[in-house]
Amino acid sequence: MYSVPEVNSMPDDRFVWVFGNVIELCEDAAVWVKKKRPFNRLADLCTEFHKYLDNLSVEEKLVILKSHPDLAGRLAVLGELTKESTEEQKSAGLDKINAEQKSIINACNERYKLKFGFPFIICARENKVQSIIDGLNSRILNSRDQEIETGINEVKKICKLRILDIVNEN
Ligand SMILES: NC(=O)N[C@H]1NC(=O)NC1=O
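These numbers were taken from a predicted model, which means no experiment stands behind them.

Our focus in this paragraph is the site of the ligand. Near the ligand you find Pro69, Leu71, Ser85, Glu88, Phe120, Ile121, Ile122, Cys123, Ala124 and Ile158, and these make up its full shell. Phe120 is positioned with one of its backbone polar atoms (N or O) 2.9 Å from a nitrogen atom of the ligand. Residue Ala124 places a main-chain N or O atom 2.8 Å away from an oxygen atom belonging to the ligand. Relative to its unbound accessible surface of 290 Å², the ligand loses 100% to contact with the protein. In this structure, the ligand is accommodated by the largest cavity. Along the lines of polarity and charge, the residues of the shell around the ligand split into 8 nonpolar, 1 polar and 1 charged.

This is the structure we're talking about:
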């Protein structure tokens, strides 16, 4: 864990290495946020990552959404998730689902992708298997614009929890 002063004095390349996956597979976010140093508080660091997301065009937001792996999907089965995503999926209990739950989630993920053209994203650490299935069933009813916004808001929650694993306030 790093303190905020340590984050402020990190060499640029180390900052990008340390924060390069707080938004899944998006080193560009870390490259942008590193220029906003120094931070007074941990919350300010989170805010800058969130601002990075808010400043993106719709097309760029779609790239971010599409960089996320499906929950309980093919990459999870193959063990090819990022280490962060592996832990998040585990925390929701997705590593222990039965065959029926897996086929429900997979079918709902496919239906969602077919409708919207990007994967269903939810902050796994704030959910369990049933609330994820419920989310898949309710959010499919939304418009594409609503889901781009909701997906990016979930990316923000994931991002904040990943930062809290790296930095402490004091
Ligand atoms: N599809 C999806 O929501 N994936 C993400 N959710 C999460 O908490 N970690 C992820 O990789």
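Don't stop here, the text continues.
A few words now on the UniProt feature "domain: Oxo-4-hydroxy-4-carboxy-5-ureidoimidazoline decarboxylase" (unreviewed entry) in the protein. The feature "domain: Oxo-4-hydroxy-4-carboxy-5-ureidoimidazoline decarboxylase" (unreviewed entry), as annotated in UniProt, sits at residues 8–163 in this numbering. Secondary structure within residues 8–163 divides into 66% helix and 0% strand; the distance between the first and last C-alpha atoms comes to 14 Å.

Below, the discussion takes up the pattern of salt bridges. Side-chain pairs of opposite charge can arise where the charged atoms are in close proximity. Counted according to the given criterion, the structure contains 16 salt bridges. Arg41 is the salt-bridge partner of Glu169, the closest N and O atoms lying 3.2 Å from each other. With a gap of 128 residues between them, Glu169 in the segment after β2 (167–168) and Arg41 in the loop between α3 (27–34) and α4 (42–54) connect regions that are remote in the sequence. Its relative accessible area of 47% is what places Arg41 among the partly exposed residues. A salt bridge links Glu110 to Lys113, with the nearest nitrogen and oxygen atoms 3.6 Å apart. Placement of the pair is Glu110 and Lys113 together in helix α8 (residues 99–116), with a separation of 3 residues, close to one helical turn. Here the salt bridges share partners, and the residues they tie into one network are Glu24, Glu88, Arg125, Arg162 and Asp165.

Before going further, it helps to examine helix α5 (residues 58–66). If you check which residues of α5 are buried, you get Lys61, Leu62, Ile64 and Leu65. Viewed end-on, α5 has its buried residues packed into an arc of 160°, placing them on one side of the element. Seen from the buried face of α5, the exposed residues on the opposite side, beyond 90 degrees, are Glu59, Val63 and Lys66. Elements in contact with the buried residues of α5: α4 and α10 (144–164).

Summed over the entire model, instances satisfying the criterion amount to 7 aromatic pairs. Ring centres 4.6 Å apart and planes at 40° place the aromatic pair Phe15 and Phe19 in the tilted group. In this pair, Phe15 and Phe19 are both assigned in helix α2 (residues 12–19), 4 residues apart and thus about one turn of the helix distant. For Phe15, a relative accessible area of 0% corresponds to the buried category. Each residue in the set Tyr112, Phe116, Phe118 and Phe120 is aromatic and connected to the rest through ring pairs, giving one cluster. The lysine or arginine in question, Lys36, covers the ring of Trp32, its NZ or CZ lying 4.3 Å from the ring centre.

Attention now moves to the packing of α8 against helix α9 (residues 129–139). α9 packs onto α8 with a crossing angle of 30° between their chain directions and a minimal axis gap of 10 Å. Comparing their axes, α9 and α8 come out roughly parallel. As for the relative orientation of α8 and α9, their crossing is left-handed in sense. Taking contact as the criterion, the partners of Gln101, Ile104, Ile105, Cys108, Asn109, Arg111, Tyr112 and Phe116 in α8 are, on α9, Val129, Ile133, Leu136, Asn137 and Arg139. Residue composition of the contact of α8 with α9, by class: 8 nonpolar, 3 polar and 2 charged.

About the cut-offs
- Residues numbered from 1 in each chain as written.
- Predicted model: local features only at pLDDT ≥ 70, side-chain atom pairs only at ≥ 80, totals over all residues.
- Heavy atoms only, no water.
- Near = heavy atom within 4 Å.
- Polar contact = N/O pair within 3.5 Å; in protein donor to acceptor, adjacent residues only side chain to side chain.
- Areas by Shrake-Rupley, 256 points an atom, 1.4 Å probe, with all protein chains shown as cover.
- 1 Å grid on protein atoms, 1.4 Å probe; cavity = no way out; pocket = protein on both sides within 12 Å on 5 of 7 lines; lining within 4 Å.
- Sits in = over half its atoms within 2 Å of the grid points.
- Nonpolar A, V, L, I, M, F, W, Y, C, P; charged D, E, K, R; others polar.
- UniProt positions renumbered as here; feature names shortened; annotations may be inferred.
- Helix = DSSP H or I, 4+ residues; strand = E, 2+ residues; numbered from the N terminus.
- Salt bridge = Lys/Arg side-chain N within 4 Å of Asp/Glu carboxyl O.
- Buried < 20%, exposed > 50% of the residue type's maximum accessible area, 1.4 Å probe, protein only.
- Arc of directions from axis to C-beta.
- Contact = heavy atoms within 4.5 Å.
- Phe/Tyr/Trp six-rings, centres within 6.5 Å; stacked < 30°, edge-to-face > 60°.
- Lys NZ or Arg CZ within 6 Å of the ring centre and 35° of its normal.
- Axes fitted to C-alpha atoms, helices over the stretch in contact; angles between N-to-C directions.
- Parallel < 35°, antiparallel > 145°, perpendicular 65-115°, else oblique.
- Left-handed = near helix turned anticlockwise from the far one by under 90°.

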